[in-house]
Amino acid sequence: MEDVGFTETSTNPDYVILGESDEYLHKDINKATQLVHGGARLICTNSDVSDPIENGSIEPSGGAWVSVVEVATGKKAYFPGKPNPLMMRNALDRLNLHSSEAIMIGDRMETDILSGIESNLNPVLVLSGVTKETDLDKFPYRPYLVLDNVGDIPPADFECH
């Protein structure tokens, strides 16, 4: 972050940034809460509240950690990551692609697939992660394709319409 002009400080910062971590301690979340309460703006990398782990269970993700600070301070976080369409537009620009030339692949309806839809990308849901086929009826939107896993992704010359 310092390479692009940001300085890390815990004294009167402009922003508090939270993301995914296996190492948050109570004191870390408490410090973030105090800084946001004192006026720092709150940013979180993404709104996913949980991530799958090896044993088939889940662990808290960025959205879960930041919700503690939001509830305590009454301030809402900004999420520059998925499902924010800005992230997808920036990626398409960097790759010099039009949305018709790309797809969004993910395992979570409320972030990955929503991000694809809001970015005008054909979203492909893989059922090997968080969202299961039985969950699809919970959402008012649908993916373009539903696949069992990433190994089932069609070749690059597959036509998306």
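Residues numbered from 1 in each chain as written. Predicted model: local features only at pLDDT ≥ 70, side-chain atom pairs only at ≥ 80, totals over all residues. Heavy atoms only, no water.

## Looking at the overall build of the protein chain
- For the protein chain, the helix and strand inventory stands at four helices and seven strands.
- Its helices and strands taken in sequence order, the protein chain reads β-α-β-β-β-α-α-β-α-β-β from the N to the C terminus.
- Here the C-alpha coordinates of the protein chain stretch approximately 50 × 35 × 30 Å along the principal axes.
- Considering the protein chain as a whole, with its 161 residues, one finds that 36% of them fall into the buried category. (Helix = DSSP H or I, 4+ residues; strand = E, 2+ residues; numbered from the N terminus. Buried < 20%, exposed > 50% of the residue type's maximum accessible area, 1.4 Å probe, protein only.)

## Focus: the nonpolar core
- Of all hydrophobic cores here, the largest spans 12 residues; its members are Val 16, Leu 18, Ile 29, Ala 32, Leu 35, Val 36, Ala 40, Leu 42, Cys 44, Val 66, Val 69 and Ala 77.
- With near-sequence residues (within four places) excluded, Ile 29 lies in contact with Tyr 24, Trp 65, Val 68 and Val 69. (Core = buried A, V, L, I, M, F, W, Y, C linked by side-chain atoms within 4.5 Å. Contact = heavy atoms within 4.5 Å.)

## Looking at the confidence of the model for the protein chain
- When pLDDT is averaged along the protein chain, the result is 91; 98% of the residues meet or exceed 70.
- Within the protein chain, the lowest mean pLDDT, 85, falls on strand E3 (residues 50-52), and the highest, 97, falls on strand E2 (residues 41-44). (pLDDT = per-residue confidence, 0-100.)

## So, helix H1 (residues 26-37)
- When the terminal C-alpha atoms of H1 are compared, their 16 Å separation across 12 residues agrees well with the 16 Å that a helix rising 1.5 Å per residue should span.
- Listed in full, the buried residues belonging to H1 are Ile 29, Ala 32, Thr 33, Leu 35 and Val 36. End-on, the buried residues of H1 take up no more than an arc of 165 degrees, which puts them together on one face. Away from its buried face, by an angle of more than 90 degrees, H1 presents the exposed residues His 26, Lys 27 and His 37. (Expected span 1.5 Å × (residues − 1). Arc of directions from axis to C-beta.)

## Quick look at the layout of surface pockets
- Taken as a whole, the largest pocket encloses approximately 640 Å³ of empty space.
- In this structure, the largest pocket is lined by 20 residues; those nearest its centre are Glu 8, Thr 9, Tyr 15, Val 16 and Ile 17.
- Secondary structure elements with two or more residues in the lining of the largest pocket: strand E1 (15-18) and H1.
- In terms of residue count, the dominant contributor to the lining of the largest pocket is H1 (five residues).
- Looking at the lining of the largest pocket, its residues break down into 12 nonpolar, three polar and five charged. (1 Å grid on protein atoms, 1.4 Å probe; cavity = no way out; pocket = protein on both sides within 12 Å on 5 of 7 lines; lining within 4 Å. Points joined across faces, edges and corners; volume = space filled by probe spheres on them. Nonpolar A, V, L, I, M, F, W, Y, C, P; charged D, E, K, R; others polar.)

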